Amino acid sequence: MTDITFRTAETTDREAILNLNIGAFGRRDEAEIVSRLEADGDALLQLVAVMETDIVGHILFYAIRIDGRIGAVGLGPMSVNPWAQRAGIGSGLVHYGLRHLQDGGVSLVFVLGHETYYPRFGFSEVAAAPFVAPWKGPQFMAVRLRHGPPTSGRLQFPTAFGV
Ligand SMILES: CC(C)(COP(=O)(O)OP(=O)(O)OC[C@H]1O[C@@H](n2cnc3c(N)ncnc32)[C@H](O)[C@@H]1OP(=O)(O)O)[C@@H](O)C(=O)NCCC(=O)NCCS
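Residues numbered from 1 in each chain as written. Predicted model: local features only at pLDDT ≥ 70, side-chain atom pairs only at ≥ 80, totals over all residues.

## Digging into the overall build of the protein
Secondary structure assignment for the protein yields four helices and eight strands. For the protein, the sequential pattern of α-helices and β-strands runs β-α-α-β-β-β-α-β-α-β-β-β. The C-alpha atoms of the protein give a radius of gyration of 15 Å, which matches the 15 Å a tight globule of 163 residues would have. Projected onto its principal axes, the C-alpha coordinates of the protein cover approximately 45 × 30 × 30 Å. (Helix = DSSP H or I, 4+ residues; strand = E, 2+ residues; numbered from the N terminus. Rg over C-alpha atoms; globule rule 2.2 N^0.38 Å.)

Okay, structure coming up:
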């Protein structure tokens, strides 16, 4: 496959990112969540995977409040163009994103997603279990990037998620 590069998303990428989300999920819901997170100022970090000049992958990280204070980060939505899936692009985006967040001092990242996909990056249900959240179960996971707080508390998700 042609070389893939990863970089932070720019304002001019917005339309391509929304179209990518619609194509990968086969519906508009996640694209609308991306737009809403941006509009509300809750999107912390967005990365894209670029093949030649095309955006073929996207990942978004957003702020989570714990007991009312900024305390953790959430992953999602993420998407890879259907014809470019299973080639490591999604994994590259997750690894690049987690490294960036760890360098920035983030301790904890949560995800609600495929229970057979995210554990390969260190996410586990066990790490999310001490926190009070709108979700429970194997699809709600966390990965710890640094020791120390937060270790418990009530998670508040951006309004874009409607929870
Ligand atoms: C999930 C997604 C981002 C993965 O991107 P990718 O570039 O294909 O991922 P990678 O190439 O790094 O990894 C491929 C692995 O992901 C797994 N995978 C892909 N979709 C999956 C799913 N729905 N459930 C579980 N595993 C999945 C593949 O089985 C493959 O596993 P293997 O390495 O054991 O064969 C991509 O499939 C996608 O955009 N899917 C549609 C949107 C979506 O579901 N986003 C995630 C929301 S939580």
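Having seen it, we continue.
## Topic: the site of the ligand
In the vicinity of the ligand, 18 residues are found, and the nearest of them are Gln85, Gly90, Ser91, Gly113 and His114. At the level of elements, helix H1 (14-25), strand S4 (69-80) and helix H3 (89-103) are the ones that each hand at least two residues to the shell around the ligand. Among the elements that make up the shell around the ligand, the one with the highest residue count is S4 (five residues). Of the residues in the shell around the ligand, the class split is eight nonpolar, nine polar and one charged. (Near = placed C-beta within 6 Å. Nonpolar A, V, L, I, M, F, W, Y, C, P; charged D, E, K, R; others polar.)

## A few points about the packing of H1 against helix H2 (residues 29-39)
At a minimum axis distance of 7 Å, the contact between H1 and H2 shows a crossing angle of 150°. Here H1 is positioned roughly antiparallel relative to H2, judged by the angle of their axes. Pair H1 / H2 crosses with right-handed handedness. Contact residues: Ile17, Leu18, Asn21, Ile22 and Phe25 in H1; Asp29, Glu30, Ala31, Val34 and Ser35 in H2. (Axes fitted to C-alpha atoms, helices over the stretch in contact; angles between N-to-C directions. Parallel < 35°, antiparallel > 145°, perpendicular 65-115°, else oblique. Left-handed = near helix turned anticlockwise from the far one by under 90°. Contact = placed C-beta atoms within 7 Å.)

## Quick notes on unusual backbone geometry
Omega for the bond connecting Gly76 with Pro77 falls within 30 degrees of zero, at -5°, which places this linkage in the cis form. Within the secondary structure layout, Pro77 lies in strand S4. Phi at Glu52 takes a positive value of approximately 50°, unusual for a residue other than glycine. For Glu52, the position within the fold is in the loop between strand S2 (43-51) and strand S3 (54-66).

## What about the pairing of S4?
Inspection of the sheet shows S3 paired to S4 by nine bridges, in the antiparallel sense. Looking at the pairing, Tyr62 lines up with Gly74 of S4. Hairpin connection of S3 to S4: two residues between the antiparallel strands, including Asp67 at a positive phi of 50°. Crossover S4 to strand S5 (residues 108-112) through H3 is right-handed. (Pairing = 2+ DSSP bridges. Right-handed = clockwise from strand over helix to strand, strands pointing away.)

## Some points on H1
Taking 1.5 Å of rise per residue, the twelve residues of H1 would be expected to cover 16 Å, and the 17 Å separating its terminal C-alpha atoms lies within 8% of that figure. When we look at burial in H1, the residues that qualify are Ile17, Leu20, Asn21 and Ala24. Down the axis, H1 shows its buried residues gathered within 100° of arc, on one side only. Where H1 is buried, its residues contact H2, S2, S3 and S4. Immediately downstream of H1, the backbone of Gly26 shows phi near 70°, a positive value. (Expected span 1.5 Å × (residues − 1). Buried ≥ 20, exposed ≤ 12 C-beta atoms within 10 Å, placed from the backbone. Arc of directions from axis to C-beta.)

## What about the environment of Glu38?
Summarising the element assignment, Glu38 is placed in helix H2. On the basis of neighbour counts, which here come to 18 C-beta atoms within 10 Å, the residue Glu38 falls in the partly exposed class. Distance from Glu38 to Leu60, taken between C-alpha atoms, is 9.9 Å for residues 22 residues apart in sequence.

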